[in-house]
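Here is what each chain is made of, one letter per residue.
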Amino acid sequence: MVSFDEVKKSVLKGQIEKAKDLSASLVQSGENPLNIIDDGLIAGMNEVGIKFKAGDMFVPEVIMSAKAMSAGVDAVKPFIEGDEIKAPGVVVVGTVKGDLHDIGKNLVCMILESAGFKVIDIGVDNSAEQFIEAVKEHHPQIVGMSALLTTTMPFMRETIDAFVEEGIRDTIKIIVGGAPVSRQFAEEIGADGYGEDAISARDLCVNLVS
Ligand code: B1M
């Protein structure tokens, strides 16, 4: 019989196929899929978070772990009845106007998903109007904006101002991140939080919805 610890280790080691197979094997042997997610997959990802923060794991490894976690979730998802998965919240994430860098954003999306959030990834190069459209369509609790260029950072402020003008600023929490972005900049433009990396973004979102 496969143990939760083996599932956890497969996530920690970024073993995509193994995480999928072990999770599938556990669910087929009658284990509750939510326990597999909580005690195996998320437990593994939590450890990844600790190691990443401590500098013991690096971005490529975190990406592999996040993929392993998603593969495991996909394997057990069909066995979850009804709406047993209660997303802690909906998050709309995109890069701002003019910015095509999406590696960091994708990582943030993956980590948020692995924490159970429903993530609406609106991709790259989003104008303020596109962010507003996404909020009206998906009713998120949180909007996340990513920027990698100093020249695109001002569009974060522009988008927040557009939310205010549209009268929807108070319906959402806004977080920002990306290499040139800082906590001070986030405060200056009126964001609700700054995520230094994907794990911090996840912790921030968990705090903002709780
Ligand atoms: Co570009 N690029 N790039 N680039 N690129 C940078 C950003 C640059 C710093 C390189 C350099 O000059 N040293 C520089 C910006 C300089 C500046 O603005 N001061 C730069 C430039 C100039 C450009 C172009 C203008 C080059 C040109 O065409 N002349 C051009 C612009 C394109 C555009 O966007 N309009 C361009 C193009 C590209 C590529 C297409 C070739 C490619 C992007 C491919 C892709 O993303 N699909 C690319 C890449 C790969 C980079 C570097 C090398 C790596 C970026 C990356 O993916 N990092 C980058 C140099 C560097 O950063 N060392 C560079 C890994 C990623 C995991 O980290 O994105 O920081 P990062 O995400 C982190 C955190 O920041 C945080 O969490 C992530 C995980 O920990 N985070 C968030 C990110 N978003 C978050 C959101 C959150 C919370 C946390 O909440 C919502």
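Please refer to the structure higher up on the page.
Let me sum up the structure you'll find in this document.

How each quantity is defined
Residues numbered from 1 in each chain as written. Predicted model: local features only at pLDDT ≥ 70, side-chain atom pairs only at ≥ 80, totals over all residues. Heavy atoms only, no water. Helix = DSSP H or I, 4+ residues; strand = E, 2+ residues; numbered from the N terminus. Buried < 20%, exposed > 50% of the residue type's maximum accessible area, 1.4 Å probe, protein only. Contact = heavy atoms within 4.5 Å. Disulfide = S-S within 2.5 Å. Near = heavy atom within 4 Å. Polar contact = N/O pair within 3.5 Å; in protein donor to acceptor, adjacent residues only side chain to side chain.

This paragraph deals with the environment of leucine 100. Structurally, the position occupied by leucine 100 is in the loop between strand E1 (90-95) and helix H5 (103-114). Leucine 100 gets classed as exposed once you look at its relative accessible area, which sits at 60%. For the pair leucine 100 and serine 146, spaced 46 residues apart in the sequence, the C-alpha separation amounts to 10.0 Å. Setting aside chain neighbours within four positions, we find leucine 100 in contact with Val124 and Asp125.

Following the criterion strictly, the structure yields 0 disulfides and no others. In this model cysteine 109 remains outside any disulfide bridge; the closest cysteine sulfur is found in cysteine 205, 10 Å from its own. On the basis of relative accessible area, cysteine 109 is assigned to the buried category, the value being 5%. Taking the relative accessible area as the measure of exposure, cysteine 205 reaches 0% and is therefore buried.

What follows deals with the site of the ligand. As a structural note, the neighbourhood of the ligand is formed by 26 residues, with Gly98, Leu100, His101, Asp102 and Ser146 the closest of them. For the ligand, an oxygen atom lies 2.6 Å from a polar atom in the backbone of leucine 100. Between the ligand and threonine 150, the relevant distance is 2.9 Å, taken from an oxygen atom to a main-chain nitrogen or oxygen of the residue. Elements that contribute at least two residues to the shell around the ligand include exactly H5, strand E3 (142-146), strand E4 (173-177) and helix H9 (198-209). In terms of residues, the shell around the ligand owes the most to one element, H5, which gives 4 residues.

In short, the description is geometric, and any link to function would need to be established separately.
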